[in-house]
Amino acid sequence: ALDSLEQAKATGAVLTSQWYYLSALSQMKIQKDEEAVADFNKYIELVEPANSTRGYFFIGQIYTKQKKYEEALTHYELAIDTSTDPKLDRAELKLK
């Protein structure tokens, strides 16, 4: 999957932000957590804040798996803060 992503990026078949997002998901799936976090962070840098929610959420999942709970909580809060989904507004109340 990662080879296909590299080819798509080289030919311009995917936007750079999409490439980092898909690469991060692929890295996450094969347990390359540090690489996934780096790619999610790059994705977050490249997209509008309202589109960064998924990146923050997945980084939170990685940190939860690694038992880095403070970092996970920070990223879950960022996911809530950047989301336009009203359901996540209710989730924020539960975190406090």
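All of the points below concern the structure found in this document. (Residues numbered from 1 in each chain as written. Predicted model: local features only at pLDDT ≥ 70, side-chain atom pairs only at ≥ 80, totals over all residues. Heavy atoms only, no water.)

Focus: the pattern of salt bridges
Part 1 of the argument: With the rule as written, the count across this model stands at 2 salt bridges.
Part 2 of the argument: Ionic pairing is found between Lys65 and Asp33, a salt bridge with its closest N-O pair at 2.9 Å. One end of the pair, Lys65, is in helix 4 (residues 53-65); the other, Asp33, is in helix 3 (residues 33-46), with 32 residues separating them in the sequence.
Part 3 of the argument: Residue class for Lys65 comes out partly exposed when judged on its relative accessible area of 45%.
Part 4 of the argument: A relative accessible area of 10% places Asp33 in the buried class. (Salt bridge = Lys/Arg side-chain N within 4 Å of Asp/Glu carboxyl O. Helix = DSSP H or I, 4+ residues; strand = E, 2+ residues; numbered from the N terminus. Buried < 20%, exposed > 50% of the residue type's maximum accessible area, 1.4 Å probe, protein only.)

Here's the deal with the environment of Phe58
Part 1 of the argument: On the secondary structure map, Phe58 appears in helix 4.
Part 2 of the argument: When its relative accessible area of 18% is taken as the criterion, Phe58 is described as buried.
Part 3 of the argument: Taking the C-alpha atoms as reference, Phe58 lies 9.1 Å from Ala24; in sequence the two are 34 residues apart.
Part 4 of the argument: With sequence-adjacent residues up to four places away left out, Phe58 is seen in contact with Tyr21, Leu25, Met28 and Phe40. (Contact = heavy atoms within 4.5 Å.)

Things to note about unusual backbone geometry
Part 1 of the argument: At Gln31, a residue that is not glycine, the phi angle is positive and equals roughly 65 degrees.
Part 2 of the argument: On the accessibility criterion, Gln31 (54% relative accessible area) is exposed.
Part 3 of the argument: Backbone geometry at Lys67 places phi at a positive 65 degrees, although glycine is not the residue there.
Part 4 of the argument: Structurally, Lys67 is set in the loop between helix 4 and helix 5 (69-82).

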